[in-house]
Amino acid sequence: MRRRLPWILLAASLALLTAGLLLGEYRTVLEKAITVCLDCIGIG
Amino acid sequence: MAEAPLSKPQRASRKPRDHRPWYQAGFLLALNAWIPSWFKGEIFQGGIKGVCVPALNCYSCPSALGACPIGAMQTFFGGLRFNLSIAEKKFGLYVLGSMAAVGSAVGRLPCGWVCPFGFIQELVHKIPSPKLRIPHALTYLRYVFLAAMVVLLPLLVVDAFGYGQTWFCKWICPAGTLEAGLPLILIKPDLRPLVGFMYYWKVGLLVLFAAWFVFTIRPFCRTVCPLGAFWGLFNKASLFRMAVDDEKCTLCDACRKDCPVDVKIYESANSPDCIRCLKCVSSCKYGAISYEFLGKKETASDLRALRGGREEIRE
């Protein structure tokens, strides 16, 4: 089990990542990332 | 029984770990490679910027090529209640999956090799001064920052429309101030009239952190960084694993003296505090510390080859 755990976690992570991509979340992250984040720079 | 230390010619040949600062500098440049943005007074807006980078690297840095996973995660948590109210299925699974995939593969290794802000802390710490340790209890604070400022506050404290703020970015993150706040105010004059209390708060916090970097090595990573806190949870269950051979370890503490995060690796080889910089592997004269990734072992393997025998490595 101890040997398998990292692989199970990795598979679950990739499944989450894929599900997020299918739900269009990449676009959401991109839209946030290409806009100047006023909060991040302290004027939000 | 502990074996004699290796004489210099027997020490393992020079490995990537012996050139780690060059890797860190390379990743700093690679993650922030769009230099033309600095001259145009804008931030990079290419289509690859939705990729979550394995580091705390502000996406409002003019030349940043990717997205900061902590900033992206707060955005999802902050927008979750609004999205649910309009039946929009955006849960942050992509960001969580990206972060967890890195964690389950290598744990906190990117903290030691990739993160530009970690590298900057190590550089500032080279300024000669008395060096101070951090009480271990303070290192648990990073979990508080992760839970409170990245998850709970963005999720629970919302405006009339149901939107939460990016609390960690807004109130704390000195990486954002250094990589985005200072440069953008310099290259975008139209932002200057907006400078107010929040800006001075963040710059003041950055100055305080910078002063702390001089006296203590990587204090932000150890006590504040929510990304390091998240990846640290995977250290004990990642594909990349550290190991200490109790038969060879003499408890000489040389590894801890060289460790940038003050970990006693001989007590817990895969401690959540360990950033896997592998300095301890080089500093151990007895070849007691090794690492394993996808079936490949290092250091003890060099020794085994030198001594021509198989030895059991205990974790």
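Predicted model, so just to flag it, every value in this text is computed and none were measured.

J.: Which parts of the structure should I look at to understand the overall build of chain B?
T.: A tally of regular secondary structure across chain B gives 15 helices and 3 strands. Expressed as a percentage of its 315 residues, the buried residues of chain B come to 48%. Within chain B, counting contacts between residues at least 6 apart in sequence, those at least 24 apart form 69% of the total.

J.: I'm lost on the interface of chain B and chain A in this one. Help?
T.: A common way to state how big an interface is: give the accessible area lost once the parts meet. Counting from both sides, the interface comprises 47 residues of chain B and, opposite them, 29 residues of chain A. Within the residue set of the side of chain B that touches chain A, elements represented by two or more residues are helix 3 (69-85), helix 4 (93-106), helix 8 (167-171), helix 9 (174-187) and helix 10 (197-215) of chain B. Of the residues forming the side of chain B that touches chain A, the biggest block, 10 residues, is contributed by helix 4 of chain B. For the side of chain B that touches chain A, the residue count by class is 25 nonpolar, 17 polar and 5 charged.

J.: What's the story with the nonpolar core in this structure? I'm lost.
T.: For soluble globular proteins, the rule of thumb is that nonpolar side chains tend to be buried together. If you look at the biggest cluster of nonpolar residues, it comprises 96 residues, and the most contacted ones within it are A:Val29, B:Leu56, B:Val95, B:Ile265 and B:Ile289. No other element matches helix 4 of chain B, which puts 10 residues into this core. When residues of this core are sorted by domain, at least three fall in each of domain 1 (18-232) and domain 2 (240-307) of chain B.

J.: How do you make sense of the environment of B:Met149 when you look at a structure like this?
T.: Residue and element names in this part refer to chain B. Within the fold, Met-149 resides in helix 7 (residues 141-156). A count of 23 C-beta atoms within 10 Å places Met-149 in the buried class. Separated by 121 residues in sequence, Met-149 and Asn-270 have C-alpha atoms that sit 26 Å apart.

J.: Mind showing me how you'd approach helix 7 of chain B here?
T.: One full turn of an α-helix is made of 3.6 residues, so residues set three or four places apart face in the same direction. In helix 7 of chain B, a bend of some 30 degrees at B:Ala148 exceeds every other bend along the element. On its buried face, helix 7 of chain B sits against helix 3, helix 8, helix 11 (219-223) and helix 12 (226-232) of chain B.

J.: Could you clarify how one ought to interpret the confidence of the model for chain B in this entry?
T.: Interpretation of this model should avoid reading the predicted coordinates in detail wherever pLDDT is low. Residue and element names in this part refer to chain B. When pLDDT is averaged along chain B, the result is 90; 90% of the residues meet or exceed 70. For the stretch residues 7-12, pLDDT sits under 50, and the model shows 4 contacts to residues farther than four places along the chain or on other chains. Below a pLDDT of 50 lies the segment residues 306-315, which in the model reaches 13 contacts outside its immediate sequence neighbourhood of four places, other chains included. Note on the complex model: pTM 0.89, ipTM 0.95.

J.: Got a minute to help me understand the pairing of strand 2 (residues 289-293) of chain B in this structure?
T.: On any regular strand, side chains alternate: one points to one face of the sheet, the next to the other face. Residues and elements named next belong to chain B. Sheet analysis places strand 1 (residues 241-244) next to strand 2, joined by 4 bridges and oriented antiparallel. Note that in strand 2 the partner of Met-242 across the bridge is Tyr-291. One ladder, built from 3 bridges, connects strand 2 with strand 3 (residues 296-298); its direction is antiparallel. Within the sheet, the bridge partner assigned to Tyr-291 lies in strand 3 and is Glu-298.

About the criteria used
Residues numbered from 1 in each chain as written. Chains lettered and ligands numbered in written order. Predicted model: local features only at pLDDT ≥ 70, side-chain atom pairs only at ≥ 80, totals over all residues. Helix = DSSP H or I, 4+ residues; strand = E, 2+ residues; numbered from the N terminus. Buried ≥ 20, exposed ≤ 12 C-beta atoms within 10 Å, placed from the backbone. Contact = placed C-beta atoms within 7 Å. Nonpolar A, V, L, I, M, F, W, Y, C, P; charged D, E, K, R; others polar. Core = buried A, V, L, I, M, F, W, Y, C linked by C-beta atoms within 7 Å. Domains from an automatic or database assignment. Bend = angle between axes of the 7 residues up to and from the residue. pLDDT = per-residue confidence, 0-100. Pairing = 2+ DSSP bridges.

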